[in-house]
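Now for the letters of each chain:
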Amino acid sequence: MTVTMLSGHRRVPAYGMAGGEPGALGRHWIEHPDGSTTSMRGCDSKPVGPGDMLVLITPGGGGYGSPDT
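Quick summary incoming for the structure in this document.

### Structural notes on the pairing of strand β2 (residues 27-31)
So, step 1. As defined by bridge partners, β2 adjoins strand β5 (residues 53-57) across 5 bridges and the pair is classed as antiparallel. Counted as the bridge partner of Glu-31 is Met-53 from β5.
So, step 2. When β2 meets strand β3 (residues 37-39), the two strands line up antiparallel, connected through 3 bridges. Directly across from Glu-31, in β3, lies its bridge partner Thr-37.
So, step 3. Counted along the chain from β2 to the antiparallel partner β3, the turn is 5 residues long, and its residue Gly-35 has a positive phi close to 95°.

Here it is as C-alpha cells:
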C-alpha cells in the first residue's frame, strides 16, 4: 500500500497581516513499528506497511496585527 500526501505550507508559512507574524509550517512523516521514521515532502508518495502510522501536523495560520500591542 502507498500513502500519498498533497499539502501546502511545508516550505513557506502562511503570511501574517497588518504586522502579524507568519504561521507555523506544517509537516508529516511515517512512523514505523521499529521506531524509525520516513520523512515526507509536501507532495509525496511513500509505501506503508502493517503498523505504520502517518503523523500529520497541520500548518498554523498567520497572525493579525502587531504582537507588541
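### Quick look at the pattern of salt bridges
So, step 1. Evaluation of the coordinates by the stated rule reveals 2 salt bridges.
So, step 2. For Asp-44, the salt bridge identified is with Arg-41, shortest N-O distance 3.5 Å.
So, step 3. Given a relative accessible area of 58%, Arg-41 falls into the exposed group.
So, step 4. Taking the relative accessible area as the measure of exposure, Asp-44 reaches 9% and is therefore buried.
So, step 5. Salt bridges linked by common partners bring Arg-41, Asp-44 and Lys-46 together as one network.

Reading the values: the criteria
Residues numbered from 1 in each chain as written. Predicted model: local features only at pLDDT ≥ 70, side-chain atom pairs only at ≥ 80, totals over all residues. Heavy atoms only, no water. Pairing = 2+ DSSP bridges. Helix = DSSP H or I, 4+ residues; strand = E, 2+ residues; numbered from the N terminus. Salt bridge = Lys/Arg side-chain N within 4 Å of Asp/Glu carboxyl O. Buried < 20%, exposed > 50% of the residue type's maximum accessible area, 1.4 Å probe, protein only.

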